[in-house]
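For reference, the chains in residue letters:
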Amino acid sequence: MSAQIIDGKEFAANVRSQVAEHVVRLKADHGITPGLAVVLVGEDPASQVYVRSKGKLTVEVGMNSIEHKLDIDTSETDLLAVVDQLNNDPAIHGILVQLPLPKHLNEDLVINSIAPAKDVDGFHISNVGLLGTGQSSMVPCTPLGCLMMLRDHFGSLSGLDAVVVGRSNIVGKPMALLLLGDSCTVTIAHSRTKDLPDVVRRADIVVAAVGRPEMVPGDWIKPGAVVVDVGINRIAAPERGEGKMKLVGDVDYASCAQVAGAITPVPGGVGPMTIACLLANTLTATCRANGLPAPEGLTA
Ligand code: GUN
């Protein structure tokens, strides 16, 4: 069997165009333009690339994009003051503080200083608690993107066996809660899981989010299962020439694609969905802030 390839680039473009349509209506009917503020501390090259791309796509869907670029040695007090100002700005509906922060800044403290209703990353402890108790919240972008692709593929996820490999706060744990919310039977597996291959072999849905290049081989996959690969790992690619690198996921794509029913590639799978869902969350936050219903199909 050869797996159907789930095209995250196309899926994300579709999500962004739905967001853009809602933004047009928000402006025309209510005179509201969603505003997304991104705070970047320091000059981490990967973070700079992310922030640039977020800014460009935010403007493309018709939203206002505000960037605060702060010096690497910004104090915690000054950073908290910036967040406080954004919390109190009615033109700002979503706030994202780019992670990782420099070591002298307490990430938990900073994230929990964001107004929960503007926490479009879904990282604030209140949003984590709301998600854990099945109440509406801002949901972390990457797991939300995976959920959208899985719902689109299966229709209903009810009763399916899902195995999430990885237990991070950003992907693994919220992913498991979202799948549980859609009535999957969910296992969270990790590096200490006993008989990991057998655990993964039971799954109708495998979400790999461990951050280890090509860790899941095809012979761990039940024939016909859907494989969602969250990993983005840069590894040496000597076959492409000396010093060349390539991006690979957490699953071994070539062997998994032989067995799976459907699979997300790397790059071009889950990756593009993260920013698309950030924009969807910003739209949701804007609607909620104005007493309007959250956009259907763009939330958990
Ligand atoms: N750094 C890498 N990805 C993310 C993300 O999704 N949100 C934030 N805040 N920082 C990141």
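See above for the structure.
This one's a predicted model, so the numbers in the text were calculated from it and none came from an experiment.

**Let's talk about the sheet that holds strand E2 (residues 35–41)**
No. 1: Read from one edge to the other, the open sheet built from 3 strands follows the order E3-E2-E4, with strand pairing classed as parallel. A single partner strand is all that each edge strand has here, and the edge strands are strand E3 (64–70) and strand E4 (94–97). The average undirected angle you get between the axes of adjacent strands in this sheet is 15°.
No. 2: Where E2 meets E4, 4 bridges bridge the pair, whose relative direction is parallel. When the sheet's bridge partners are listed, leucine 36 is paired in E4 with glycine 94.

**Quick word on the site of the ligand**
No. 1: Near the ligand you find Tyr50, Leu96, Val97, Gln98, Leu99, Asp121 and Phe123, and these make up its full shell.
No. 2: Within the side chain of glutamine 98, an N or O atom sits 3.0 Å from a nitrogen atom of the ligand.
No. 3: Between the ligand and the protein, one listed contact pairs a nitrogen atom with a backbone N or O atom of leucine 99 at 2.8 Å.
No. 4: Alone, the ligand offers 280 Å² of accessible surface; in the complex the protein occludes 81% of this.
No. 5: Of the residues in the shell around the ligand, the class split is 5 nonpolar, 1 polar and 1 charged.

**Overview of the state of the cysteines**
No. 1: Evaluation of the coordinates by the stated rule reveals 0 disulfides.
No. 2: Cysteine 277 takes part in no disulfide bond, and the closest cysteine sulfur, belonging to cysteine 141, lies 6.4 Å away.
No. 3: The cysteine cysteine 287 is free of any disulfide, with cysteine 277 supplying the nearest cysteine sulfur at 15 Å.
No. 4: Taking relative accessible area as the criterion, cysteine 287 reaches 5% and is therefore assigned buried.

**As for the nonpolar core**
No. 1: The biggest cluster of nonpolar side chains holds 56 residues, and the ones touching the most others in it are Val19 and Leu179.
No. 2: The element that contributes the greatest number of residues to this core is helix H10 (residues 271–289), accounting for 10 residues.
No. 3: Apart from residues no more than four positions distant in its own chain, leucine 179 is found in contact with Leu147, Leu150, Leu157, Ala162, Val164, Cys184, Val186 and Val207.
No. 4: Core analysis: the next-biggest nonpolar cluster, separate from the first, contains 21 residues, Ala208, Met215, Trp220 and Ala257 among them.

**Looking at the sheet that holds strand E11 (residues 262–263)**
No. 1: If you trace the 6 strands from one edge of the open sheet to the other, you get E1-E11-E8-E7-E5-E6, paired in parallel fashion. Every interior strand has two partners, whereas the edge strands, strand E1 (4–5) and strand E6 (185–189), have only one.
No. 2: When strand E5 (residues 161–165) meets strand E7 (residues 205–208), the two strands line up parallel, connected through 4 bridges. The residue bridging valine 165 from the neighbouring strand is alanine 208, located in E7.

**Quick notes on unusual backbone geometry**
No. 1: Each neighbour pair has its own omega, and for leucine 99 with proline 100 the value is 0°, a cis peptide bond.
No. 2: If you trace the backbone, proline 100 turns up in the loop between E4 and helix H4 (107–111).
No. 3: Following valine 266, the chain continues into proline 267 via a peptide bond in cis, with omega recorded as 0°.
No. 4: The residue proline 267 is located in the loop between E11 and H10 in this model.
No. 5: Phi is positive for serine 183, which is not a glycine, with a value near 65°.
No. 6: Structurally, serine 183 is set in the loop between helix H7 (172–181) and E6.

**Side note on the pairing of E6**
No. 1: Pairing analysis gives 5 bridges linking E5 to E6, with the strands arranged parallel. Each bridged residue has a counterpart across the sheet, and for aspartate 161 the counterpart in E6 is threonine 185.
No. 2: One crossover worth recording links E5 to the parallel E6 by way of H7, and it is right-handed.

**Side note on the pairing of strand E8 (residues 226–229)**
No. 1: On E8, burial covers both faces: Val226 and Val228 on one face and Val227 and Asp229 on the other are all buried.
No. 2: Bridging between E7 and E8 involves 4 bridges; their strand directions are parallel. Looking at the pairing, alanine 208 lines up with aspartate 229 of E8.
No. 3: In this sheet, E11 lies alongside E8 in parallel orientation, the contact comprising 2 bridges. Within E11, the position partnered with valine 226 by the bridge is alanine 262.

Rules used throughout
Residues numbered from 1 in each chain as written. Predicted model: local features only at pLDDT ≥ 70, side-chain atom pairs only at ≥ 80, totals over all residues. Heavy atoms only, no water. Pairing = 2+ DSSP bridges. Helix = DSSP H or I, 4+ residues; strand = E, 2+ residues; numbered from the N terminus. Axes fitted to C-alpha atoms, helices over the stretch in contact; angles between N-to-C directions. Near = heavy atom within 4 Å. Polar contact = N/O pair within 3.5 Å; in protein donor to acceptor, adjacent residues only side chain to side chain. Areas by Shrake-Rupley, 256 points an atom, 1.4 Å probe, with all protein chains shown as cover. Nonpolar A, V, L, I, M, F, W, Y, C, P; charged D, E, K, R; others polar. Disulfide = S-S within 2.5 Å. Buried < 20%, exposed > 50% of the residue type's maximum accessible area, 1.4 Å probe, protein only. Core = buried A, V, L, I, M, F, W, Y, C linked by side-chain atoms within 4.5 Å. Contact = heavy atoms within 4.5 Å. Right-handed = clockwise from strand over helix to strand, strands pointing away.

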